[in-house]
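Structural overview for review
Take a look at the letters that make up each chain.
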Amino acid sequence: MVSPPPPPSHTALTPHTGPRSQEKGTHPSPTRSAALTSPQTGGKTRSALQDVVTREYTIHLHKRVHGRSFKKRAPWAVKSVVDFAQKAMGTQDVRLDPRLNQAIWAQGIKTVPHRMRVKLERA
């Protein structure tokens, strides 16, 4: 029997298309204390940041591109999504799903969607 390959160690961003699992404003907040109280493995403490985590967020893109010139709005929105994912998931390695990029750029360079529902996975 062949075991599946280990998951990559990065955060993947995909647009979320399913029903909202949480009400507005109640997104899960990462807990820093969980890293301190995690179980021990072999005498060393294991960080909670190494766990495989999947969360759903609504990113308010409108406030992030407000005041940005029209020809820079969509590229700035993509960078803002990456920055949001880095802060929310605690990792520097963030990779966007092509469908998320297409969803941001769907209305052109200057008309970015006001909000984007995304699923963040830290593997």
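This text follows the structure it describes.
Summarised in this report is the structure supplied together with it. (Residues numbered from 1 in each chain as written. Predicted model: local features only at pLDDT ≥ 70, side-chain atom pairs only at ≥ 80, totals over all residues. Heavy atoms only, no water.)

1. Some words on the packing of helix α3 (residues 73–89) against helix α4 (residues 98–105)
Packing of α3 against α4 leaves a shortest axis separation of 9 Å and a crossing angle of 140 degrees. The orientation of α3 relative to α4 falls into the category oblique. In this structure, the crossing between α3 and α4 has a hand that is right-handed. Residues Ala-74, Pro-75, Ala-77, Val-78 and Val-81 of α3 form the contact with α4, whose own contacting residues are Leu-100, Asn-101, Ile-104 and Trp-105. When the residues that make up the contact of α3 with α4 are grouped by side-chain class, the tally is eight nonpolar, one polar and no charged. (Axes fitted to C-alpha atoms, helices over the stretch in contact; angles between N-to-C directions. Helix = DSSP H or I, 4+ residues; strand = E, 2+ residues; numbered from the N terminus. Parallel < 35°, antiparallel > 145°, perpendicular 65-115°, else oblique. Left-handed = near helix turned anticlockwise from the far one by under 90°. Contact = heavy atoms within 4.5 Å. Nonpolar A, V, L, I, M, F, W, Y, C, P; charged D, E, K, R; others polar.)

2. So, the packing of aromatic side chains
Taken as a whole, this structure holds one aromatic pair when the rule is applied. Pairing Tyr-57 with Phe-84 gives two aromatic rings, centres 5.3 Å apart and planes at 85 degrees, and the pair type is edge-to-face. Pair noted here: Tyr-57 is in strand β4 (residues 53–60) and Phe-84 is in helix α3, with a separation of 27 residues, a long-range link. Each member of the pair, Tyr-57 together with Phe-84, is buried. The residue whose ring lies beneath Arg-68 is Trp-76, and the NZ or CZ to ring-centre distance is 3.6 Å. The ring of Phe-70 carries the charged tip of Lys-110 above its face, separated from the ring centre by 5.1 Å. (Phe/Tyr/Trp six-rings, centres within 6.5 Å; stacked < 30°, edge-to-face > 60°. Buried < 20%, exposed > 50% of the residue type's maximum accessible area, 1.4 Å probe, protein only. Lys NZ or Arg CZ within 6 Å of the ring centre and 35° of its normal.)

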